[in-house]
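Coordinate analysis (summary)
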Amino acid sequence: MRVYIGPYKNWIGPYQISDKIPFISEDKRHEIGAWLAKTWVNNVCEWFYSKKERNIKIRIDKYDTWNMDNTLALIILPMLKQLKSTKHGSPLVDDEDVPEHMRHGGDDDNWVHYKWEWVLNEMIWAFEQELDDSWEDKFVHGTPVYDWNKWEDDDGVPYQRVQMTQTNPDYWVDREGIKEYNDRINNGFRLFGKYYRGLWD
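Fair warning: this is a prediction, and the values are worked out from it, not measured in the lab.

Attention now moves to the packing of aromatic side chains. A full pass over the atoms with the stated rule returns 12 aromatic pairs. Here the aromatic rings of W135 and F139 are separated by 6.2 Å at their centres, their planes lie at 85°, and the arrangement is edge-to-face. On the basis of relative accessible area, W135 is assigned to the buried category, the value being 10%. Between the aromatic rings of F139 and Y181, the centroid separation amounts to 5.3 Å while the plane-to-plane angle is 70°, which identifies the pairing as edge-to-face. Here F139, found in the loop between α5 (109-130) and β3 (140-141), pairs with Y181, found in helix α6 (residues 175-194); they are 42 residues apart in sequence, far enough to count as distant. Judged on exposure class, the residue F139 and its partner Y181 are both buried. Three or more aromatic residues link up through ring pairs in this structure, and these residues are W125, W135, F139 and Y181.

In this structure, K9 sits in the loop between β1 (2-5) and α1 (14-18). K9 sits in the partly exposed class, given a relative accessible area of 33%. Linking K9 and E53, residues 44 residues apart in sequence, is a C-alpha distance of 6.8 Å.

A separate point is the side chain of D61. Summarising the element assignment, D61 is placed in the loop between β2 (56-59) and α4 (68-86). Since its relative accessible area comes to 16%, D61 is described here as buried. Among the polar contacts made by the side chain of D61, one reaches the side chain of R59 at a distance of 3.1 Å. Here Y63 takes part through its side chain, which lies 3.1 Å from a polar atom of the side chain of D61.

Before going further, it helps to examine the nonpolar core. Ranked by internal contacts, the top residues of the largest apolar core, which has 17 residues, are L80, W116, V119, M123, F127 and Y195. Elements with a contribution of two residues or more to this core: α4, α5 and α6. Looking at which element gives the most residues to this core, the answer is α5, with 6 residues. If we ignore the near neighbours within four places in the chain, the residues touching F127 are A73, I76, L77, L80, F189 and F192. If you look at the next biggest cluster of nonpolar residues, it comprises 9 residues, including W125, Y171, Y181 and I185.

As a further point, take α4. The first and last C-alpha atoms of α4 sit 27 Å apart over 19 residues, in line with the 27 Å expected at 1.5 Å per residue. Where α4 bends most, the angle comes to about 30°, and this point is L74, followed within four residues by the proline P78. Taken as a whole, α4 has its buried residues at N70, T71, A73, I76, L77, L80 and L83. Packing partners of the buried residues in α4 comprise α5 and α6.

The next thing to look at is helix α2 (residues 26-36). An α-helix turns once per 3.6 residues; consequently, residues spaced three or four apart project the same way. Among the residues of α2, R29, G33 and L36 are the ones counted as buried. Down the axis of α2, the smallest arc covering the buried residues is 65°, so these residues share one side. Of the residues in α2, the exposed ones pointing more than 90 degrees away from the buried face are D27 and W35. Along its buried surface, α2 packs onto α1 and α3 (40-51).

Before going further, it helps to examine a nonpolar patch on the surface. A cluster of nonpolar side chains, contributed by V3, I5, I56, I58 and I60, occupies part of the molecular surface with about 460 Å² of accessible area. Secondary structure elements with two or more residues in the nonpolar patch: β1 and β2. Looking at the element boundaries, V3 is found in strand β1. What makes V3 partly exposed here is its relative accessible area of 46%.

Criteria and cut-off values
- Residues numbered from 1 in each chain as written.
- Predicted model: local features only at pLDDT ≥ 70, side-chain atom pairs only at ≥ 80, totals over all residues.
- Heavy atoms only, no water.
- Phe/Tyr/Trp six-rings, centres within 6.5 Å; stacked < 30°, edge-to-face > 60°.
- Buried < 20%, exposed > 50% of the residue type's maximum accessible area, 1.4 Å probe, protein only.
- Helix = DSSP H or I, 4+ residues; strand = E, 2+ residues; numbered from the N terminus.
- Polar contact = N/O pair within 3.5 Å; in protein donor to acceptor, adjacent residues only side chain to side chain.
- Core = buried A, V, L, I, M, F, W, Y, C linked by side-chain atoms within 4.5 Å.
- Contact = heavy atoms within 4.5 Å.
- Expected span 1.5 Å × (residues − 1).
- Bend = angle between axes of the 7 residues up to and from the residue.
- Arc of directions from axis to C-beta.
- Patch = residues over 30% accessible without salt bridge, like charges linked within 9 Å, V, L, I, M, F, W, Y side chains within 5 Å.
- Areas by Shrake-Rupley, 256 points an atom, 1.4 Å probe, with all protein chains shown as cover.
- Salt bridge = Lys/Arg side-chain N within 4 Å of Asp/Glu carboxyl O.

No statement about biological role is implied by the geometric values presented.
As structure tokens, this is what we get:
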């Protein structure tokens, strides 16, 4: 994969031009910008803007889709972390998507940001687990021991195979813990999908 995405097109219009005029007050700059906006200058600015294109170059290799969920996580995770550290606003989050103690805070700005911060953290955590191939190990205790037993086929020829019966009493797998962990991962991905259009700075 090769990805290059340049910055968004920037608009330079009458007001931006007037802002560059030195030694005059802000009110005077605004007055000049308003006047320029009614002249041919505005048309020229719009023409130049229409000719600009955002530089986007993307090449996808075949191996990028062998494990596409993992490939995308490599890109999404650092973007989510950057968004969290640089965001200037927050979308509204439904009460049903946050723990009970975080619900019913109304539309107070601090409460809105508080809920969105929690949702972002859950997204980030889910994608971190996606990139961690060993997370299930924490739910496995002890070492499994399997016995080799002799068996005979239909012709009476002996052969060996693994007897898939656990014989080590110290080995066990916390399957309920794995389920809860997976449920949290899946919820993080669900939140990512639900609030995808809220991923803006």
